[in-house]
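Secondary and tertiary structure notes
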Amino acid sequence: MIPAVALVMGVVLGLVLHPTVPAGLQPYLPIAVVAALDAVFGAIRAQLDGIFDDRVFVVSFVSNVLVAALVVFLGDQLGVGGQLSTGVVVVLGIRIFTNTAAIRRHLFHA
Amino acid sequence: MSSLSRLLRPRARRVDVLVAALLALLGFALAVQVRSTQSDGLLTSARQEDLVQILDELNNRSDRLRQEVASLSATKQRLTTGSGASTAALAEARRRTQLLGVLAGTVAATGPGVLVRITDPKTQVSASVLLDALEELRNAGAEAVQLEGTASDGRVTAVRVVAQTALVDDRAGIVVDGVSLAAPYRFTVVGDPSTLAGAMAIPGGVEDAVRQQGGAAEVIRSQRVRVGALRPLTPPRYARPE
């Protein structure tokens, strides 16, 4: 319950405070958000599978975000930032789809 | 369902606070990202090389447009000043042509002036008398002069009097610029009528001189006389405009 409330609180805060994204963070924020979403869906699936671990979630969340940002950063340095961020989004998207499919099977048995 | 409820069940361990914080951060970042994508449109989410490309395109376009502006404004300036200047020059040239034409006798002139009719029953009025009359008229400000007389074929002929006009004595009268004329003579003069008439009437002047030769000089003032005789324009043989 608390994590869901925290998520909603974060959304509300973001909408209310309406901060501007620092220019240096602008290429990484969308990728980081997608990576974090992937971690969250993975956590929900693990919870449903009964193998959820708080520490694993925290580590996977942080490392997901950091790795995604690092990959994009490296891509920018190498001149293939656009393509690499597309690749990261595709991979994470596939993972999110897989996780949601597993969640769906758990919840609806279908 | 039980596992999901366990996920949502309130707990208060330190790692749970961390999880909550991470999820709050995720929600925050999500909202901010969505908001900035919506409000800022394409440019903020565009990558550096895309931005560079967009900037290049914009620069090229502005360069092209600037060149277009420059060439168009040059054309405009050429058209306005050019046509204005050439129109003004044309008008000025026409005006000068008209003015010089009056002097050179190539255009007809009209205006206030006098008619001086000189009769010569005894054929005694010589070219010098007429020349005196002409000089007197010029001194009085005559601007355009023609001299009429009876030509050898009996018709009344008018000769435009200009700077080069020569008056030469002839058996039956005078020769003006190669045209033989006989009395009665008539000067048609454009100028100030009273000044011209006064010049004719001064004692010992034209009227007296004509009278001494047995003739008569009659001056008629008019508010509108017409000097219609023309003189062909002969280009100078040696003199060139500078």
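In short, a report on the structure. If you're wondering where the values come from, they're calculated on a predicted model, not measured in any experiment.

Summing up its helical and strand segments, chain A has 4 helices and 0 strands in all. Moving toward the C terminus, one meets the helices and strands of chain A in the order α-α-α-α. In terms of principal-axis extent, the alpha carbons of chain A reach across some 45 × 30 × 25 Å. Taking all contacts inside chain A whose residues are at least 6 apart in sequence as the whole, residues at least 24 apart take part in 72%. For chain A, the exposed area adds up to about 6200 Å²; of that, 76% sits on carbon and sulfur atoms. Here chain A holds 5 positive side-chain charges and 5 negative ones, and the gap between their average locations is 9 Å.

The next point concerns the pairing of strand β3 (residues 156–161) of chain B. All names here are of chain B. Summarising the sheet, strand β2 (residues 144–150) and β3 pair through 6 bridges and their orientation is antiparallel. Bridge assignment links G149 to a residue of β3, and that residue is T157. Between β2 and β3, which pair antiparallel in sequence order, lie 5 residues; one of them, G154, sits at a positive phi of approximately 90°.

Our focus in this paragraph is the environment of V52(B). By the secondary structure assignment, V52(B) is in helix α4 (residues 48–104). C-alpha separation for the pair V52(B) and T234(B), spaced 182 residues apart in sequence, amounts to 74 Å.

Let's shift gears to the interface of chain B and chain A. Contact residues are listed per partner, giving 31 residues for chain B and 38 residues for chain A. For the pair chain B and chain A, the two sides together bury roughly 3200 Å², of which 72% comes from carbon and sulfur. Where chain B touches chain A, the interface holds 0 salt bridges. Linking chain B with chain A are 1 residue pair in polar contact (both at pLDDT 80 or more), by the criterion used here. Contributions of two or more residues to the side of chain B that touches chain A are made by α1 (2–8) and α2 (14–40) of chain B. With 18 residues, α2(B) is the largest single contributor of residues to the side of chain B that touches chain A. When grouped by side-chain class, the residues that make up the side of chain B that touches chain A number 18 nonpolar, 5 polar and 8 charged.

Let's shift gears to helix α1 (residues 2–17) of chain A. Residue and element names in this part refer to chain A. With 16 residues, α1 should reach 22 Å at 1.5 Å per residue; the first-to-last C-alpha distance of 22 Å fits that figure. Taken residue by residue, α1 has P3, A6, G10 and G14 as its buried positions. Down the axis of α1, the buried side of the element spans an arc of 75°, and every buried residue falls inside it. Turned more than 90 degrees from where α1 packs its buried face, V8, M9 and V16 sit exposed. One or two positions beyond α1, positive phi appears at H18, with a value near 50°.

Glancing now at the packing of aromatic side chains. Residue and element names in this part refer to chain A. Taken as a whole, this structure holds 3 aromatic pairs over all chains when the rule is applied. Seen in terms of ring centroids, Y28 and F73 are 6.4 Å apart; in terms of plane orientation they differ by 55°. Their pairing is tilted. With a gap of 45 residues between them, Y28 in the loop between α1 and α2 (29–49) and F73 in helix α3 (residues 54–78) connect regions that are remote in the sequence. Residue classification places F73 among the partly exposed positions, given a relative accessible area of 39%. Among the aromatic residues, those joined into a cluster by ring pairs are F52, F57 and F61.

This next bit is on the nonpolar core. Residues and elements named next belong to chain B. With 30 residues, the main nonpolar core has I118, L130, L147, L167, I174, F187 and V189 as its most contacted residues. Secondary-structure elements contributing two or more residues to this core are β1 (109–119), α5 (127–139), β2, β3, β5 (174–176), β6 (179–190), α6 (193–201) and α7 (206–212). Looking at this core, the element that brings in the most residues is α5, giving 6 residues. Excluding its chain neighbours within four sequence positions, the residues that come into contact with I118 are V125, L130, P184, Y185, F187, V210, A216 and A217.

Attention now moves to the pairing of β6(B). Residue and element names in this part refer to chain B. Here 6 bridges tie β1 to β6, and the two strands are oriented antiparallel to one another. Following the sheet pairing, V114 is matched in β6 by V189. As defined by bridge partners, β2 adjoins β6 across 6 bridges and the pair is classed as antiparallel. Across the sheet, residue T150 finds its bridge partner in β6, namely A182.

So, on to α5(B). Residue and element names in this part refer to chain B. With 13 residues, α5 extends 18 Å between its outermost C-alpha atoms, agreeing within 8% with the 18 Å of an ideal straight helix rising 1.5 Å per residue. Taken residue by residue, α5 has A127, V129, L130, A133, L134 and L137 as its buried positions. Projected onto a plane normal to the axis of α5, the buried residues spread over an arc of 165° and lie on a single side. G141 sits one or two positions beyond α5 and adopts a positive phi of about 95°.

What counts as what
Residues numbered from 1 in each chain as written. Chains lettered and ligands numbered in written order. Predicted model: local features only at pLDDT ≥ 70, side-chain atom pairs only at ≥ 80, totals over all residues. Heavy atoms only, no water. Helix = DSSP H or I, 4+ residues; strand = E, 2+ residues; numbered from the N terminus. Contact = heavy atoms within 4.5 Å. Areas by Shrake-Rupley, 256 points an atom, 1.4 Å probe, with all protein chains shown as cover. Lys, Arg positive; Asp, Glu negative; His and termini not counted. Charge placed at Lys NZ, Arg CZ, Asp CG, Glu CD. Pairing = 2+ DSSP bridges. Buried area = accessible area lost by both parts, 1.4 Å probe. Salt bridge = Lys/Arg side-chain N within 4 Å of Asp/Glu carboxyl O. Polar contact = N/O pair within 3.5 Å; in protein donor to acceptor, adjacent residues only side chain to side chain. Nonpolar A, V, L, I, M, F, W, Y, C, P; charged D, E, K, R; others polar. Expected span 1.5 Å × (residues − 1). Buried < 20%, exposed > 50% of the residue type's maximum accessible area, 1.4 Å probe, protein only. Arc of directions from axis to C-beta. Phe/Tyr/Trp six-rings, centres within 6.5 Å; stacked < 30°, edge-to-face > 60°. Core = buried A, V, L, I, M, F, W, Y, C linked by side-chain atoms within 4.5 Å.

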